[in-house]
Amino acid sequence: MIRSFRTSLFRCVRLCLLAALLFLADLTVQAYANGAPALDLSTVIQKVEEHYKSLTDLQAHFIQLARILSYPQDQRSEGTVYLKRDRMMRWDYETPSKDQYFIRGDTVIYYAPDVKQARRINLSGREGIRSPLVFFEGLKSAEADYTIAFNNEPGFDRSSRYILELKPRDQKKIPLRRILLFISKADFQVERVDQYDLYKNVTELYFRNNRTNQGLPDSLFVFQPPEGVEVINQP
């Protein structure tokens, strides 16, 4: 029962983070040398937006680390993520479980093959879940809900990346402490996202081996229930 509860908790944390990245599909390639002069905040924000505007789709390997204070050991997950414009996203987890998430617009379908069950969740109206997505649509527009600044705390390597810190202006509306974006100085890709909740839990997400503009079909983002799998509408 303890293992089942822990698995459910990590899946819940995972769902919140994946929802928070939904608009990555709307986010581009403009090379910039590591040795270039330091840029001001507004220029970095603009270049991140420019970077992702050129993409029609994206595929990447991801590593996710969840640090939950009530558990002594970090939870590590890996898999492949697929993204496409018009807010389409698919996450195929490979370890430690084979969970899948299919996201189109405000609808999320979460499939857990170990229990042969899928759940359909509608995110519309759930401001606390959807709000973090906004920065991937455009960091400039996100300033209505977040303060955005460079993160300067010690302990992070900044030799090849910028680190932006987003803090919700209203934590009742967006129940997070902060979000950190780790942005490559070479091409302004988001290489890592850290999300800190109000309970000091941290989820880190790393992107590797990006492949872009492959012409991913819409059908890739449609969940096809295996035989005997029920899709439950979750309120």
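Anything mentioned here points back to the structure above.
Everything quoted here is computed from the prediction, not taken from an experiment. (Residues numbered from 1 in each chain as written. Predicted model: local features only at pLDDT ≥ 70, side-chain atom pairs only at ≥ 80, totals over all residues. Heavy atoms only, no water.)

### A look at the overall build of the protein
Item 1. Along the backbone of the protein there are five helices and 12 strands.
Item 2. By residue count, 50% of the 235 residues in the protein fall in the buried class.
Item 3. Just so you have it, the protein exposes about 11600 Å², and 50% of that area is on carbon and sulfur atoms. (Helix = DSSP H or I, 4+ residues; strand = E, 2+ residues; numbered from the N terminus. Buried < 20%, exposed > 50% of the residue type's maximum accessible area, 1.4 Å probe, protein only. Areas by Shrake-Rupley, 256 points an atom, 1.4 Å probe, with all protein chains shown as cover.)

### Observations regarding the sheet that holds strand β7 (residues 146-150)
Item 1. The strand order across the open sheet built from 12 strands is β7-β8-β9-β10-β11-β1-β2-β3-β4-β5-β6-β12, with neighbouring strands paired in mixed fashion. Strands with a single pairing partner mark the edges of an open sheet, and in this sheet they are β7 and β12 (230-234). This sheet shows a mean twist of 20° between the axes of neighbouring strands, independent of strand direction.
Item 2. One ladder, built from six bridges, connects strand β5 (residues 107-112) with strand β6 (residues 117-122); its direction is antiparallel. Following the sheet pairing, Ala112 is matched in β6 by Gln117.
Item 3. Contacts between helix α2 (residues 41-53) and the sheet are confined to β1 (57-67), β7, β8 (161-168), β9 (176-184) and β10 (190-197), with β7 contributing the most and set at about 105° to the helix. (Pairing = 2+ DSSP bridges. Axes fitted to C-alpha atoms, helices over the stretch in contact; angles between N-to-C directions. Contact = heavy atoms within 4.5 Å.)

### Brief notes about the packing of aromatic side chains
Item 1. Under the definition given, this model contains nine aromatic pairs.
Item 2. On the numbers, 5.8 Å between centres and 65° between planes, the contact of Tyr93 with Tyr101 is edge-to-face.
Item 3. The side chain of Arg178 reaches across the aromatic face of Tyr196, ending 4.2 Å from its centre.
Item 4. We note Lys185 situated over the ring of Tyr162; from NZ or CZ to the ring centre the distance is 5.1 Å. (Phe/Tyr/Trp six-rings, centres within 6.5 Å; stacked < 30°, edge-to-face > 60°. Lys NZ or Arg CZ within 6 Å of the ring centre and 35° of its normal.)

### Notes on the pairing of strand β2 (residues 75-84)
Each regular strand carries side chains that alternate between the two faces of the sheet.
Item 1. Judged by how many residues are buried, β2 sits mostly within the fold: seven of 10 residues are covered.
Item 2. Pairing between β1 and β2: 10 bridges, direction antiparallel. Residue His61 lies in a different strand from β2, and its bridge partner there is Thr80.
Item 3. Bridge count between β2 and strand β3 (residues 88-95): seven bridges; the pairing is antiparallel. Note on β3: the bridge partner recorded for Lys84 is Met88.
Item 4. What sits between β2 and β3 in their antiparallel hairpin is a turn of three residues, with Asp86 showing a positive phi close to 70°.

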